[in-house]
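Chain and residue survey
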Number of protein chains: 4
Amino acid sequence: MGNKVLPKPLMGIIPPLVTPLLDSDTLDTAGFQKLINHVIDGGVHGIFVLGTTGEAPSLSYRLRKEVIKRSCEFAGGRVPVLVGISDTSFVESVNLCTYSAECGADAVVLAPPFYFPAGQAELLEYLQHLVPKLALPLFLYNMPTHTKLVFEPSTVRAAADIPGIIGLKDSSANMVYFHKLQLLFKERADFSLLVGPEELLAETLLLGGHGGINGGANLWPSLYVSIYNAAQKRDLDTVMKLHEKVIQVSSSVYSVGKYSSSYLKGLKCGLSLLNICSDFMAEPFHKFRAEERESIRKHLTSLGILK
Amino acid sequence: MGNKVLPKPLMGIIPPLVTPLLDSDTLDTAGFQKLINHVIDGGVHGIFVLGTTGEAPSLSYRLRKEVIKRSCEFAGGRVPVLVGISDTSFVESVNLCTYSAECGADAVVLAPPFYFPAGQAELLEYLQHLVPKLALPLFLYNMPTHTKLVFEPSTVRAAADIPGIIGLKDSSANMVYFHKLQLLFKERADFSLLVGPEELLAETLLLGGHGGINGGANLWPSLYVSIYNAAQKRDLDTVMKLHEKVIQVSSSVYSVGKYSSSYLKGLKCGLSLLNICSDFMAEPFHKFRAEERESIRKHLTSLGILK
Amino acid sequence: MGNKVLPKPLMGIIPPLVTPLLDSDTLDTAGFQKLINHVIDGGVHGIFVLGTTGEAPSLSYRLRKEVIKRSCEFAGGRVPVLVGISDTSFVESVNLCTYSAECGADAVVLAPPFYFPAGQAELLEYLQHLVPKLALPLFLYNMPTHTKLVFEPSTVRAAADIPGIIGLKDSSANMVYFHKLQLLFKERADFSLLVGPEELLAETLLLGGHGGINGGANLWPSLYVSIYNAAQKRDLDTVMKLHEKVIQVSSSVYSVGKYSSSYLKGLKCGLSLLNICSDFMAEPFHKFRAEERESIRKHLTSLGILK
Amino acid sequence: MGNKVLPKPLMGIIPPLVTPLLDSDTLDTAGFQKLINHVIDGGVHGIFVLGTTGEAPSLSYRLRKEVIKRSCEFAGGRVPVLVGISDTSFVESVNLCTYSAECGADAVVLAPPFYFPAGQAELLEYLQHLVPKLALPLFLYNMPTHTKLVFEPSTVRAAADIPGIIGLKDSSANMVYFHKLQLLFKERADFSLLVGPEELLAETLLLGGHGGINGGANLWPSLYVSIYNAAQKRDLDTVMKLHEKVIQVSSSVYSVGKYSSSYLKGLKCGLSLLNICSDFMAEPFHKFRAEERESIRKHLTSLGILK
């Protein structure tokens, strides 16, 4: 299990798994196993735990370690396991990576440290210090809404010369940024460029991106895998039709309730309605109450996800 | 000239024309005529004057009127003329529209009033007051970086029921936003959805958008028109190849100098190097000095735009 | 009337007058005269028309000129008249200043051009071009929430060496910024440093600032003048007591309704309740409806402004 | 040591201590003791460890615990010890508080969880869940530049009814916010309102605030204590004179280098030049190099801090 050689570039659909919880500090272990089987059965090409969708920053270190251990165990070598090690503390990021390697994970994923506003030169230096201490290959994670920092294209290009950095997940929702990276990495076909927001998966794949780390693939993995497959075949009509489904999911399941957490709440609520796992959420969030849950149920039914 | 019936939806490439200037308050009339001929010869489907690329907010009202008059005259009915009437003053927006109609323009384009931060309900009410006073059909213009305000998808959808609003130009560079609008307007095939940033033109067209209002089409109109034509034929390989050219333009010609005005300065400098028009810029900007101009020359040469 | 020598530094309370309107393009002339008499009777040291509080960017140029003419006429030389000439167009700013001088105004006030995001070097160059064309002395106006741009302290210090720039109004609500300016201008006792948000008037005056351009002084001029007078006498207890009244105004009259325009709507509504002038607002705003008006009435009564 | 009854409201100068480091994960223990003695000798009324100035988010949990233990030990009951427990993880915040109580600390300080953008209702609920689990009284910490979230005044007022919340540190640099809180807490004289940015200490104290948690008090504790004492005596002239010194520190020692981390780097560099403790910084930062260090030396000499 694990420690396989990752394909370079890593391609396909890698769902950023939610972390099923029974309470703030207890993993819903059975639900987690069910979820992992659900997405692997749906054809995904890897799994990513402890990302934003996994509520990683809200979890205790103890629980994060449990998630790492369990995900490697439940994946059982069927697909690569990527682990989020983003942290404000350099030392804790290293610790999480070391533990991930021990558990048999395949790679780690890192957003910029998200408390202090560092400059680009500082971010590059940070990576130069960090990567040699990591026991696994690293994907960068561009996530400016939550970290306040962008990995500028030139920083990414410079960082990619550090051995061990093998790709980037971009959750900026800014395709201008993504296309500029694609141009910068034109001669580096081994470097994975993956997109976060699923609403941008179709265009990412049509225009040469390698895949998506898309939250909706928790819920409906085969939809995203089908887009990937259709894009591989250059079947534009199918991509377009499935893309519209994705936008329907986004405009309904992720658009209930207020605040910017609707995506995460809708996703967990949906998984609970599908009887896959618990929808408990770690502070500062709260699972949807009855009325919002009813809205999600209707959306899922109307989308055909729930019979 | 003008007052033709606009196609619904308006489709294709409509360059947001730069305003060639001899000094802060003097139009480079000859250059403007040359520019309009250049883009029409390149196959564009319309022209848009007095947008952000046209530095409209920096121009005096007298000069804005001259630009309107001349653009209608120089276009001579060959393609539709769209006129930007964005203003912080409701009354001045109406005045500019009235004058545009008198000159024979075909439509107007309006961003939210950009000084006071209005709410969405206020923006909708603003449009409800404004549109009945407009003598021409209206495109909304979503441009949050410069106006601080977003036309939220639900506001656009509600506004689209006001007779006279016929489309939207989105310069947010946020394709999640654009795709949500596409879904909302699925049953309104007559409503134009056009994209501003040219880096997003390929995906916009591949996934059902109607066209682009792309600055680069001042410089190299046939490139953008070719993407449009290839996308119409669903020729994915050609779209991809041309898309890469667009990203090269963006990563070179628009990336010289500092500040966020590099795009505008690079564009005007390029047009001057092509001997189309003057590169004078209205305050608060300044045309590129010798060193930056030399960089632009190299980029244009390397792109094959300048022999 | 007008063209008097302004005191250097200009000190005291200079209300940024609201623009009383009968409709979008019609001045409530009688109300405007009443308002000017009201504030002068309250002891203010000058008036400032066509600022943010005056809704200047929302008014037509014709109307702005009428406001300039009438304010000089109604002030009748009793206090200096400052005129806002902030505009996205350099040429229009110059035109407004020329007209202000013709009407007998004493100085003009300018925020950065607020559509294009200029850099600091560009802002300085902008002022270097502009000031020689101005017929009146100039106050800079730092207003980042509305203009997106800050006049950085070093830019202000450099600009202050251009003859004709005589002070700054800071509406950033950032007293760290204000204190840094005070230090930079320690040897330039002639340069006025005035504060916008009235909630910061007390501390500004106690720590060496010269005065306030405070909206509340439309409504209750003597309150702000009394703070100024108490601060001049170093009467800390009185300043503190009156300061608390100011915070009460701010926490009640400016806090009705939603959106960031509550201040402006509350102020105009209050003036209407005092029978001073009309509360019509230019687009994109709307005057308070009955329910909100009732809240304002209660607040004014409870503050003792309305009997 | 510790567990004394805190004065209510807590008043005075409470320096947010830097964390002296030998490397990323090693405390400069001797330096830390020296620093604590330095500030207590300077007359401070408490110490605050593991705040932003303490680089807490950049430190490992192991090291944070060491800092807690040592600070209580070195303070030795001479002044109250406040401990920052801000964390993205609810569980880890509780853990840090429990450990702080065991070590004899007097109170804890908490900013909003800073990864996910929570709404105000969620923040309030977060506090309602958290406070009952805390073994020590709690100060809220408003720090929007780093956390992206504001504790809105109405949220603070509601939270203050939860037994155990005893005050707030405001680092927003927005005195309008601070004054609105003061009005809301007019009848709650036991609730401490403390200001973060030292540039705002003078006005905070003159207008009724209780004290400051000011970084400069690491370097020059007696300056800030003197302002506090002068303000207590209502000695406005002395406050003003000392306030100007504070602005000089801020405009020189905190203004070397680029990025927004100049404050922290300048402070640690200054402490090293005073031979108090090491200037090593945790990632993502780096201590000042020779040239910047030389600038800091000159500034300290010119201020009279370094002979």
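Structure: see above.
So, about the interface of chain A and chain D. Of the residues lining the interface, 45 residues belong to chain A; the matching set on chain D comes to 44 residues. Together chain A and chain D conceal approximately 3800 Å² of surface at their shared face, both sides included; 62% is due to carbon and sulfur atoms. Looking at the side of chain A facing chain D, the largest losses of area belong to A:Tyr115, A:Phe116 and A:Pro284, adding up to 21% of the total buried there. At the surface where chain A touches chain D, the tally comes to four salt bridges. Residues D:Glu122 and A:Lys265 are paired through a salt bridge, measuring 2.3 Å at the closest nitrogen-oxygen approach. Here chain A is connected to chain D by 17 residue pairs in polar contact (both at pLDDT 80 or more). Looking at the side of chain A that touches chain D, the elements that each hand over two or more residues are helix H2 (61-75), helix H3 (90-103), helix H4 (120-130), helix H5 (144-147) and helix H11 (262-273) of chain A.

Helix length check: helix H11 (residues 236-252) of chain B, at 17 residues, gives a terminal C-alpha distance of 24 Å against a target of 24 Å (1.5 Å per residue), a fit within 8%. Residues B:Leu236, B:Val239, B:Leu242, B:His243, B:Val246, B:Ile247, B:Val249, B:Ser250 and B:Ser252 constitute the buried set of H11(B). Taken together, the buried residues of H11(B) touch helix H7 (175-184) and helix H8 (201-206) of chain A together with helix H8 (201-206), helix H10 (221-232) and helix H13 (290-303) of chain B.

Once chain D has been moved 0.0 Å along the axis and rotated by 180°, it coincides with chain C to within an RMSD of 0.0 Å. Taken together, the rotation and translation relating the two chain copies correspond to the operation of a two-fold axis. Take the interface residues of chain D: 100% of them recur as interface residues in chain C, which is what a same-surface contact looks like.

Residue A:Pro284 is reached from A:Glu283 by a cis peptide bond, and omega for that bond is 10°. Looking at the element boundaries, A:Pro284 is found in the loop between H11 and helix H12 (290-303). With an omega dihedral of 0°, the bond running from C:Lys8 to C:Pro9 counts as a cis peptide bond. By the element assignment, C:Pro9 lies in the segment before strand E1 (12-13).

Right, let's talk about the arrangement of the chains for a bit. The smallest C-alpha distance separating chain A from chain C is 16 Å, and no contact links them. Considering only C-alpha positions, the minimal separation of the non-contacting chain B and chain D is 16 Å.

Each side of the interface is counted separately: chain D has 27 residues, and chain C has 27 residues. Across the interface of chain D and chain C, roughly 2300 Å² is buried in total on both sides, 68% from carbon and sulfur atoms. Three residues, D:Leu183, D:Leu207 and D:Leu236, lead the burial of chain D against chain C; their summed loss comes to 23% of the area buried on that side. Our enumeration of links across chain D and chain C arrives at two salt bridges. With a shortest N-O distance of 2.6 Å, C:Lys186 and D:Glu244 are connected by a salt bridge. For the pair chain D and chain C, the number of links is six residue pairs in polar contact (both at pLDDT 80 or more). When contributions to the side of chain D that touches chain C are tallied by element, the ones reaching two or more residues are helix H7 (175-184), helix H8 (201-206) and helix H10 (236-252) of chain D. The element best represented in the side of chain D that touches chain C is H10(D), accounting for nine residues.

In regular strands, side chains alternate between the two faces of the sheet. Residue and element names in this part refer to chain D. Burial analysis of strand E8 (residues 165-170) places six of its six residues in the buried class, which makes it a mostly covered element. Note: strand E7 (residues 138-142) against E8, five bridges, orientation parallel. When the sheet's bridge partners are listed, Leu138 is paired in E8 with Ile165. Of the pairings in the sheet, the one linking E8 to strand E9 (residues 192-195) comprises four bridges and is parallel in character. Paired with Lys169 across the two strands is Leu194, which belongs to E9. Traced from E8 through H7 to E9, the parallel crossover comes out right-handed.

This brings us to the pairing of strand E9 (residues 192-195) of chain C. All names here are of chain C. Neither face of E9 is exposed, since Ser192 and Leu194 on one face and Leu193 and Val195 on the opposite face are all buried. Where E9 and strand E10 (residues 211-212) come together, two bridges link them in parallel fashion. By the bridge assignment, Leu194 is partnered in E10 with Gly211. In terms of handedness, the path from E9 via helix H8 (residues 201-206) over to E10 forms a crossover that is right-handed.

Quick look at the packing of aromatic side chains now. Pairs of aromatic rings are described using the distance from one ring centre to the other and the angle between the two planes. All chains considered together, the criterion is met by 36 aromatic pairs over all chains. Aromatic side chains A:Phe114 and D:Tyr115 sit 4.9 Å apart centroid to centroid with 65° between the ring planes, which places their arrangement in the edge-to-face category. Here A:Phe114 is found in the loop between strand E6 (107-110) and H4, whereas its partner D:Tyr115 is found in the loop between strand E6 (107-110) and helix H4 (120-130) on a different chain. Across this residue pair, the class does not change: A:Phe114 and D:Tyr115 are buried. Among the aromatic residues, those joined into a ring-pair cluster are A:Phe114, A:Tyr115, A:Phe116, A:Phe285, D:Phe114, D:Tyr115, D:Phe116 and D:Phe285. A cation over an aromatic ring shows up here: B:Arg157 above the ring of B:Phe185, its NZ or CZ 5.0 Å from the ring centre.

It is worth spelling out the sheet that holds strand E5 (residues 81-84) of chain D at this point. Residue and element names in this part refer to chain D. If you walk across this open sheet you meet the eight strands as E1-E10-E9-E8-E7-E6-E5-E4, and the pairing is parallel. The sheet terminates laterally at strand E1 (12-13) and strand E4 (47-49), the two strands that pair on one side only. The sheet contact formed by E1 and strand E10 (residues 211-212) spans two bridges and is parallel. Each residue of the ladder has a partner; that of Ile13, found in E10, is Gly212.

For the match of chain A to chain D, the screw axis carries a shift of 0.0 Å, the RMSD comes to 0.0 Å, and the turn is 180°. Of all interface residues in chain A, 98% are interface residues in chain D too; the two copies therefore contact each other through one and the same surface.

This part takes up the sheet that holds strand E9 (residues 192-195) of chain A. Residue and element names in this part refer to chain A. Within the open sheet, the eight strands sit side by side as E1-E10-E9-E8-E7-E6-E5-E4. Their pairing is parallel. Of all strands in the sheet, those with a lone pairing partner are strand E1 (12-13) and strand E4 (47-49), marking the two edges. Docked against the sheet, H7 engages strand E7 (138-142), strand E8 (165-170) and E9, running at close to 170° with respect to E9.

Rules used in this analysis
Residues numbered from 1 in each chain as written. Chains lettered and ligands numbered in written order. Predicted model: local features only at pLDDT ≥ 70, side-chain atom pairs only at ≥ 80, totals over all residues. Heavy atoms only, no water. Contact = heavy atoms within 4.5 Å. Buried area = accessible area lost by both parts, 1.4 Å probe. Salt bridge = Lys/Arg side-chain N within 4 Å of Asp/Glu carboxyl O. Polar contact = N/O pair within 3.5 Å; in protein donor to acceptor, adjacent residues only side chain to side chain. Helix = DSSP H or I, 4+ residues; strand = E, 2+ residues; numbered from the N terminus. Expected span 1.5 Å × (residues − 1). Buried < 20%, exposed > 50% of the residue type's maximum accessible area, 1.4 Å probe, protein only. Least-squares fit on C-alpha atoms with pLDDT ≥ 70 in both. Pairing = 2+ DSSP bridges. Right-handed = clockwise from strand over helix to strand, strands pointing away. Phe/Tyr/Trp six-rings, centres within 6.5 Å; stacked < 30°, edge-to-face > 60°. Lys NZ or Arg CZ within 6 Å of the ring centre and 35° of its normal. Axes fitted to C-alpha atoms, helices over the stretch in contact; angles between N-to-C directions.

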